[in-house]
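The lines below spell out each chain.
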Amino acid sequence: MVTTTGSNEFDVVVIGGGPAGYATALYGASAGLSVAVVEREKMGGTCLHRGCIPAKEFLETASVLRTVAGAKEFGVEAGQPVLDFSVSQGRKQKVVDTLYKGLVGLMKGRGIESFIGSGQLLGGGRVRVAGAEESVELTGRHVVLASGSVPRTIPGFDVDGTVVLTSDEVLSLEKEPASVAIIGGGAIGCEFASMFSDLGSQVTVLEALPTLLTGCDDDVVAVVNRSFRKRGIAVHTGVTVSGHSPNGSGTTVSFGDGESVTVDAVILSVGRRPLTEGLLADGSGVVIDERGFVQVDEHMRTSVEGVWAAGDVVNTPQLAHVGFAEGILVIKGILGEPTIPVEYGRVPWCIYCHPEVAFVGMSEGQARAAGIDVVVKKDPFGGNSRARIVGETDGLVKVVCEKSADGSAGRILGVHMVGPWVTEQLGQGYMAVNWEATPDEIAQFIQPHPTLSESFGETVMALTGRGLHLG
Ligand code: FAD
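Criteria and cut-off values
- Residues numbered from 1 in each chain as written.
- Predicted model: local features only at pLDDT ≥ 70, side-chain atom pairs only at ≥ 80, totals over all residues.
- Heavy atoms only, no water.
- Phe/Tyr/Trp six-rings, centres within 6.5 Å; stacked < 30°, edge-to-face > 60°.
- Lys NZ or Arg CZ within 6 Å of the ring centre and 35° of its normal.
- Buried < 20%, exposed > 50% of the residue type's maximum accessible area, 1.4 Å probe, protein only.
- Helix = DSSP H or I, 4+ residues; strand = E, 2+ residues; numbered from the N terminus.
- Right-handed = clockwise from strand over helix to strand, strands pointing away.
- Pairing = 2+ DSSP bridges.
- Near = heavy atom within 4 Å.
- Polar contact = N/O pair within 3.5 Å; in protein donor to acceptor, adjacent residues only side chain to side chain.
- Nonpolar A, V, L, I, M, F, W, Y, C, P; charged D, E, K, R; others polar.
- Domains from an automatic or database assignment.
- Contact = heavy atoms within 4.5 Å.
- Buried area = accessible area lost by both parts, 1.4 Å probe.
- Salt bridge = Lys/Arg side-chain N within 4 Å of Asp/Glu carboxyl O.
- Axes fitted to C-alpha atoms, helices over the stretch in contact; angles between N-to-C directions.
- 1 Å grid on protein atoms, 1.4 Å probe; cavity = no way out; pocket = protein on both sides within 12 Å on 5 of 7 lines; lining within 4 Å.
- Points joined across faces, edges and corners; volume = space filled by probe spheres on them.
- Patch = residues over 30% accessible without salt bridge, like charges linked within 9 Å, V, L, I, M, F, W, Y side chains within 5 Å.
- Areas by Shrake-Rupley, 256 points an atom, 1.4 Å probe, with all protein chains shown as cover.

Using the criterion set out here, one finds four aromatic pairs in the structure. The aromatic ring of Tyr100 is capped on one face by Lys42, whose charged end is 4.6 Å from the ring centroid.

And the structure:
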């Protein structure tokens, strides 16, 4: 049990030290509140130890390998690159450990008290912390539930960490599997597919829905699909997985209409479920909905006065930055400041497969399904000079606008990107959508040349009816 002062009474007690929990704590401490965080494993949560950071680190390894393999085209003779996965693992862990140390130091520096143990809300602002050796009771004027989520599994696929894996196990593998079946073609599934394909594994993606990356714009999905197939990733959509038969060193996965694939490993990427086991004592009064999420209103208040919840444990997009935003909202609410609820339909999404995907707001299909008349423009990266320079021309920028009464492009509803470094380019699109700006307004901004972000500028200019390169 770690505690740095004797007092067990706080303005805010947070259960869970992942992005939602530590953002709540850091923001609260910056505002002068006394804050305790209860974490049963390590500060940083899924994101730092089993999610965003290790996954992106491995995707960067994949990118380095791809770049070296393609170096010859630039006249750089580097030979055929060879992967030493143990070095990659070591680097990943070093990145995670450095960030972890930084986070712990930051929290300590802000005067946040850390308690290592399992937290349980008892009621009346009391939280029991069951540590390895002792238990302690904390009291918070406010309690924030930020216990996060864990990977979902499917019947018939018992996770053994060797042949059947979830994201938790994948990111600490000692060796890359020669062949892998990924069940689920959502964001995490596509990132793993892209990563293992670049690392040299034979990859099969099995997705029950009709497309990969459900929720993304159709044009974006088409680019990812084409790229995956070109790279030899076998993509099966609209197929149900019925089971698997282990064969000693691997397993044969059955799917669809009598089809099967034999692989070294299966990765379950079928979403995440909220983690509330042991979180609430009987009679805490906090309502859990039928899907297991802690129920909150738009200000993150649970059914119990003074108890709030944020992050993956509530039914909102399961993204670290959404957890940050919700944690900030909680603290503002505690301080009695005016709060603006998170607009979940306009949060930024980034998917770090190759090619990368980034979007905000409505897709063309979603806008049309909502009965909105739209004006749409797309600019393929093939016409972008920087994309030609870096040799990554697969992809496009697409902007979806509401059609004005005169037929011109009005308010920007959605910005969708797929291609090189788009996860670093979404910022302008995010601002445009959330500011409810029009193409006329955004087209005033100058884009530096030559940059990949010129494609966004060009698309918006074209929507004003006066594109430089795009009609
Ligand atoms: P968590 O990060 O799950 O943290 C909850 C913490 O609470 C954990 O540390 C847990 O140990 C602790 N806890 C639980 N119960 C208790 C208890 N009773 N007492 C004490 N402690 C408890 N999101 C992005 O935005 N971008 C990405 O690129 C991205 N990539 C991802 C890649 C992968 C492979 C995965 C799995 C996820 C990814 N995510 C990404 C999602 C992101 O990791 C989560 O949305 C985020 O971690 C949720 O934060 P959280 O604080 O709500 O929960």
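Next up on the list: the pairing of strand 9 (residues 179-183). In terms of burial, strand 9 is largely enclosed, as five of its five residues are buried. Side chains Ser179, Ala181 and Ile183 of strand 9 all project onto a buried face; the interleaved residues Val180 and Ile182 project onto the opposite face, where all are buried too. What joins strand 9 to strand 10 (residues 202-207) is helix 6 (residues 187-198), and the crossover it makes is right-handed. Summarising the sheet, strand 9 and strand 15 (residues 265-268) pair through four bridges and their orientation is parallel. Directly across from Ile182, in strand 15, lies its bridge partner Ile267.

Bringing the site of the ligand into the picture now. Residues in contact with the ligand amount to 34 residues; listed here are only the nearest, Glu39, Thr46, Lys56, Gly119 and Asp312. The contact in question runs from an oxygen atom of the ligand to an N or O atom on the side chain of His321, over 3.3 Å. When residues of the shell around the ligand are traced back to their parent elements, those giving at least two are helix 1 (19-30), strand 2 (35-39), helix 2 (45-50), helix 3 (52-69), strand 4 (118-123) and helix 8 (320-334). The element best represented in the shell around the ligand is helix 2, accounting for four residues. Here the residues of the shell around the ligand sort into 12 nonpolar, 16 polar and six charged.

Partitioning the chain into domains gives domain 1 (2-151 + 273-344), domain 2 (164-270) and domain 3 (355-463). Contacts between the two partners involve 10 residues from domain 2 and, on the opposite side, 14 residues from domain 3. Each partner contributes to the roughly 970 Å² buried at the junction of domain 2 and domain 3, and carbon and sulfur atoms together form 63% of this total. Taken together, domain 2 and domain 3 are joined by four salt bridges. Across the pair Asp219 and Lys398 runs a salt bridge, and its minimum N-O distance is 2.5 Å. Seen at the junction of domain 2 and domain 3, the total is five residue pairs in polar contact (both at pLDDT 80 or more). Classifying every residue of the side of domain 2 that touches domain 3 by side-chain character gives five nonpolar, two polar and three charged.

Turning to the sheet that holds strand 22 (residues 409-419), a few remarks are in order. With respect to topology, five strands assemble into an open sheet ordered 18-19-22-21-20, the strand pairing being antiparallel. In this open sheet, the two edge strands, each paired with only one partner strand, are strand 18 (349-351) and strand 20 (374-380). Each neighbouring strand pair of the sheet contributes to a mean axis angle of 15°, computed without reference to strand direction. Strand direction decides the pairing type here: strand 20 and strand 21 (residues 396-403), joined by seven bridges, are antiparallel. When the sheet's bridge partners are listed, Val376 is paired in strand 21 with Val400.

If you trace the backbone, Phe456 turns up in helix 13 (residues 454-463). It is 39 Å that separates the C-alpha atoms of Phe456 and Leu145, two residues lying 311 residues apart in sequence. Beyond its immediate sequence surroundings of up to four residues, Phe456 is in contact with Val397, Val399, Val415, Met417, Gln428, Gly429, Ala432, Ile442 and Gln447.

Right, let's get into the layout of surface pockets. Taken as a whole, the second largest pocket spans an internal volume of roughly 900 Å³. For the second largest pocket, the lining is made up of 29 residues, of which Ser63, Arg66, Thr67, His354 and Glu392 are closest to its centre. Among the secondary structure elements, those contributing two or more residues to the lining of the second largest pocket are helix 3 and helix 7 (218-230). By residue number, the principal contributor to the lining of the second largest pocket is helix 3, which donates six residues. Residue composition of the lining of the second largest pocket, grouped by class: nine nonpolar, nine polar and 11 charged.

Attention now moves to a nonpolar patch on the surface. A surface patch of nonpolar side chains, amounting to about 370 Å² of accessible area, comprises Tyr430, Met431 and Trp435. Considering the arrangement of structural elements, one finds Trp435 in the loop between helix 11 (426-434) and helix 12 (439-442). What makes Trp435 exposed here is its relative accessible area of 65%.

All right, on to the environment of Gly361 then. For Gly361, the position within the fold is in strand 19 (residues 356-361). A relative accessible area of 10% means that Gly361 is categorised as buried. Each C-alpha atom of the pair Gly361 and Val38 lies 35 Å from the other, and the pair is 323 residues apart in sequence. Discounting residues that sit within four places of it in the chain, Gly361 has contacts with Gly345, Arg346, Gln366, Leu413, Gly414, His416 and Val433.

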